[in-house]
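Observations on the model geometry
As a plain string of letters, each chain reads:
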Amino acid sequence: MVKIAFNAALAQKGLGKEVPSAVKDPELAGPLPPSEGSTGRCLLTLLGIAFILSGLIVGGACLYRYFTPKRLYHGSMQFNDGSSGGEAQPYYLPQVEEKMEISDNMAVISVPPPRFRPGDPAYILHDFNRKLTAYLDLTLRTCFVIPLNTSVVLPPQDLMDLFSQLMSGSYRSYLVQEDLVVTERIEDIKPLGFYIRRLCDGKETYRMQRRDTVQGGGIVKRAAQDCFTIRHFENRFVTETRICKP
Ligand SMILES: *[C@@H]1O[C@H](CO)[C@@H](O)[C@H](O)[C@H]1NC(C)=O
């Protein structure tokens, strides 16, 4: 019984093999139909490739949009710090580079370590709702918080405009120095709001004050202090923030 069934299957296979060859032969024999068929197939293949490519491009664009924050800017600003004296050398102007992520109520600036001069890399967060600014010094891994100075920090929409201007070429500016003093340690960072809490979580956090508002602040010998600087911009000029621990 098994043998018979096996033979029957073989016989069917043999028949099946002969059928396509019989179909193929007349197709190969005719001179015109095959060339028409091949151009058709070629066009179809090209169309298919075009479809796949456009799919890849659209898909890639969607993925790119999905994974990058929507309003992320990058810009640099050259500044004249007066150190070059009377004969300003335009080719050697120092510059500050930064990346900024801007949303309706906050801006986060990423300051890379400066080239050719001392300064700390940092993240600077401006919370426009809470009116607070936090500096996370990446060398010290420490956070410093101060009220937002609205005469220095442009509102979000103006920051976006500034960065679109920076993209169109090199921007020359000037330097403004800011002297801040650490006043006290903040044990509970919850009242500082969601954004600053997320930035400063797990880091020592201190409150700061402008030196000119500290009583007797001007008298302290600067050399005896533990200071560091962060250069950044959130306006049409570069700010050199000097933070000193008492
Ligand atoms: C804001 O910054 C400017 C320039 O550094 C300064 O003159 C002004 O006193 C600051 N305002 C506050 C409220 O700290």
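Scroll up a little and you will see the structure.
Scoring rules and cut-offs
Residues numbered from 1 in each chain as written. Predicted model: local features only at pLDDT ≥ 70, side-chain atom pairs only at ≥ 80, totals over all residues. Heavy atoms only, no water. Near = heavy atom within 4 Å. Polar contact = N/O pair within 3.5 Å; in protein donor to acceptor, adjacent residues only side chain to side chain. Areas by Shrake-Rupley, 256 points an atom, 1.4 Å probe, with all protein chains shown as cover. Nonpolar A, V, L, I, M, F, W, Y, C, P; charged D, E, K, R; others polar. Core = buried A, V, L, I, M, F, W, Y, C linked by side-chain atoms within 4.5 Å. Buried < 20%, exposed > 50% of the residue type's maximum accessible area, 1.4 Å probe, protein only. Helix = DSSP H or I, 4+ residues; strand = E, 2+ residues; numbered from the N terminus. Contact = heavy atoms within 4.5 Å. 1 Å grid on protein atoms, 1.4 Å probe; cavity = no way out; pocket = protein on both sides within 12 Å on 5 of 7 lines; lining within 4 Å. Points joined across faces, edges and corners; volume = space filled by probe spheres on them. Expected span 1.5 Å × (residues − 1). Arc of directions from axis to C-beta. Patch = residues over 30% accessible without salt bridge, like charges linked within 9 Å, V, L, I, M, F, W, Y side chains within 5 Å. Salt bridge = Lys/Arg side-chain N within 4 Å of Asp/Glu carboxyl O. Disulfide = S-S within 2.5 Å.

**A look at the site of the ligand**
- Around the ligand, the surrounding shell consists of Asn149, Ser151, Val152 and Arg210.
- In this structure, Asn149 approaches the ligand through a side-chain N or O atom, which is 2.2 Å from an oxygen atom.
- Here the ligand, which alone exposes 360 Å², has 46% of that area covered by the protein.
- Tallied by class, residues from the shell around the ligand come to 1 nonpolar, 2 polar and 1 charged.

**A few points about the nonpolar core**
- Residues Tyr135, Phe144, Met208 and Ile243 are the most contacted members of the largest nonpolar core, which totals 33 residues.
- For this core, the element with the highest residue contribution is helix α3 (residues 156–167), accounting for 5 residues.
- Discounting residues that sit within four places of it in the chain, Ile243 has contacts with Tyr135, Phe144, Leu180, Val182, Met208, Asp226, Cys227, Phe228 and Ile230.
- Formed by 14 residues, the second largest nonpolar core is a distinct cluster that contains Leu136, Cys143, Ile189 and Cys200.

**Remarks on the layout of surface pockets**
- Within this model, the largest pocket holds a volume of roughly 280 Å³.
- Around the largest pocket sit Pro94, Gln95, Val96, Glu97, Val111, Pro112, Pro113, Pro114, Arg115, Phe116, Arg117 and Arg231, which together line it.
- Per-class residue counts for the lining of the largest pocket are 7 nonpolar, 1 polar and 4 charged.
- Of the voids in this model, the second largest pocket is the one considered here, and its volume is about 200 Å³.
- As for the second largest pocket, its lining consists of Leu72, Lys99, Met100, Glu101, Val108, Ile109, Ser110, Tyr123, Leu125, Tyr195, Arg198 and Leu199.

**What to know about α3**
- Across its 12 residues, α3 extends 17 Å between first and last C-alpha, which sits within 8% of the 16 Å expected from 1.5 Å per residue.
- Of all the residues in α3, the buried ones are Pro156, Leu159, Met160, Leu162, Phe163 and Leu166. All buried residues of α3 project into a common sector of 160° when viewed along the axis, lining one side.

**A word on a nonpolar patch on the surface**
- Together, Leu43, Leu46, Ile49, Ile52, Leu53 and Leu56 give the surface a local cluster of nonpolar side chains, amounting to about 630 Å² of exposed area.
- Examined against the element boundaries, Leu46 turns out to sit in helix α2 (residues 32–67).

**A look at the environment of Gln78**
- Its place among the elements puts Gln78 in strand β1 (residues 72–80).
- Measuring from C-alpha to C-alpha, the distance between Gln78 and Val96 comes to 6.4 Å, with 18 residues separating the pair along the chain.
- Contacts of Gln78, omitting those with residues within four sequence positions, involve Leu93, Pro94, Gln95, Ser170, Tyr171, Arg172 and Ser173.
- For Gln78, the side chain forms a polar contact with the side chain of Arg172, separated by 3.5 Å.

**Brief notes about the state of the cysteines**
- For the coordinates displayed, the defined rule picks out 2 disulfides.
- Here Cys143 connects covalently by a disulfide to Cys200, the sulfurs 2.0 Å from one another. Measuring the twist about the S-S bond at about -80°, one finds the Cys143-Cys200 disulfide to be left-handed. Linking Cys143 in strand β6 (residues 142–147) with Cys200 in helix α4 (residues 194–200), this pair joins segments that are 57 residues apart in sequence.
- On the basis of relative accessibility, which here comes to 0%, the residue Cys143 falls in the buried class.
- Covalent S-S linkage joins Cys227 and Cys244, the inter-sulfur distance amounting to 2.0 Å. On the sign convention where negative is left-handed, the bridge of Cys227 and Cys244, at about 110° about the S-S bond, is right-handed. Residue Cys227 is located in strand β9 (residues 226–232), and its partner Cys244 is located in strand β10 (residues 238–245); the two are separated by 17 residues in the primary sequence.
- Once the bonded cysteines of the protein chain are numbered in order along the sequence, the disulfide links fall as 1-2, 3-4.

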